[in-house]
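Report on the structure
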Amino acid sequence: MLECSINLKQDNKENTDQDHQQKAKTKRVRTTFTEEQLQVLQANFNLDSNPDGQDLERIAQITGLSKRVTQVWFQNSRARQKKYLNNQAKKANAISMPSMTAATSCPGCGMLYCLCSHPTLQLNMSQVA
């Protein structure tokens, strides 16, 4: 009885190894785009970055790609555009906003939110307001 269960475990392990090898063999080939396909995709993306199903079918027919490949290209392009715009916004904010410590530190002693009065600092009311 013990031998039988060991043999079953070995058979199951062999079957899963074979299944894994078969799945590894059926790995999808990475899609490559021709220059013409990219031009058509980019031109349509500039017109509408989120086309509906009919537009995707039309674009797929023009490019000779499947609808699914076309759809994924648009998804990836929207993600790249969003990432680019977010990075540009971060750069613009970093340039336009001074650092937090420089904006709130006391010019006399350099401490944040200093309540002391320094004789060398002569602030008039127009500077405070």
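How each quantity is defined
Residues numbered from 1 in each chain as written. Predicted model: local features only at pLDDT ≥ 70, side-chain atom pairs only at ≥ 80, totals over all residues. Heavy atoms only, no water. Helix = DSSP H or I, 4+ residues; strand = E, 2+ residues; numbered from the N terminus. Buried < 20%, exposed > 50% of the residue type's maximum accessible area, 1.4 Å probe, protein only. Contact = heavy atoms within 4.5 Å. Areas by Shrake-Rupley, 256 points an atom, 1.4 Å probe, with all protein chains shown as cover. Expected span 1.5 Å × (residues − 1). Core = buried A, V, L, I, M, F, W, Y, C linked by side-chain atoms within 4.5 Å. Axes fitted to C-alpha atoms, helices over the stretch in contact; angles between N-to-C directions. Parallel < 35°, antiparallel > 145°, perpendicular 65-115°, else oblique. Left-handed = near helix turned anticlockwise from the far one by under 90°. Nonpolar A, V, L, I, M, F, W, Y, C, P; charged D, E, K, R; others polar. pLDDT = per-residue confidence, 0-100. Phe/Tyr/Trp six-rings, centres within 6.5 Å; stacked < 30°, edge-to-face > 60°.

1. Structural notes on the overall build of the protein
- Each helix and strand in the protein was counted, giving six helices and zero strands.
- Within the protein, buried positions represent 12% of all 129 residues.
- Look at the contacts in the protein between residues 6 or more apart in sequence, and 38% of them connect residues 24 or more apart.
- Accessible surface for the protein amounts to roughly 11200 Å². Of this, 55% is attributable to carbon and sulfur atoms.

2. Quick look at helix α4 (residues 67-96)
- Under the 1.5 Å per step criterion, the end-to-end length of α4 is 43 Å for 30 residues, consistent within 8% with the ideal 44 Å.
- Within the sequence span of α4, burial applies to Thr70, Trp73, Phe74 and Ser77.

3. Let's talk about the nonpolar core
- Counting seven residues, the largest nonpolar core is built from Leu41, Phe45, Leu56, Ile59, Leu65, Trp73 and Phe74.
- When sequence neighbours within four positions are dropped, the list of residues in contact with leucine 41 reads Phe33, Ile59, Thr63, Leu65, Thr70, Trp73 and Phe74.

4. A closer look at the packing of helix α2 (residues 35-47) against helix α3 (residues 53-63)
- For the pair α2 and α3, interaxial distance at closest approach is 9 Å and the crossing angle is 160°. Our classification of the angle between α2 and α3 gives roughly antiparallel. Crossing angle aside, the handedness with which α2 passes α3 is right-handed. The segment α2 lies against α3, with Gln37, Val40, Leu41 and Asn44 engaging Arg58, Ile59, Ile62 and Thr63.
- Broken down by class, the residue content of the contact of α2 with α3 amounts to four nonpolar, three polar and one charged.

5. Here's the deal with the confidence of the model for the protein
- Of the residues in the protein, 56% reach a pLDDT of 70 or more, and the chain-wide mean stands at 78.
- Of all helices and strands in the protein, the one with the weakest mean pLDDT is helix α6 (residues 125-128) (48), whereas α3 scores best (97).

6. Description of the packing of aromatic side chains
- The full count for this structure, using the stated rule, is three aromatic pairs.
- Taking the centre distance of 6.1 Å and the plane angle of 90° together, the rings of phenylalanine 45 and tryptophan 73 count as edge-to-face. On the criterion of sequence distance, the pair formed by phenylalanine 45 in helix α2 and tryptophan 73 in helix α4 is long-range, its members being 28 residues apart. Accessibility classification places phenylalanine 45 together with tryptophan 73 in one group, the buried group.
- A centroid spacing of 5.2 Å and a plane angle of 80° characterise the contact between tryptophan 73 and phenylalanine 74, whose relative ring orientation is edge-to-face.
- Judged by its relative accessible area of 1%, phenylalanine 74 falls in the buried class.
- Connected via pairs of aromatic rings, a cluster forms that spans Phe45, Trp73 and Phe74.

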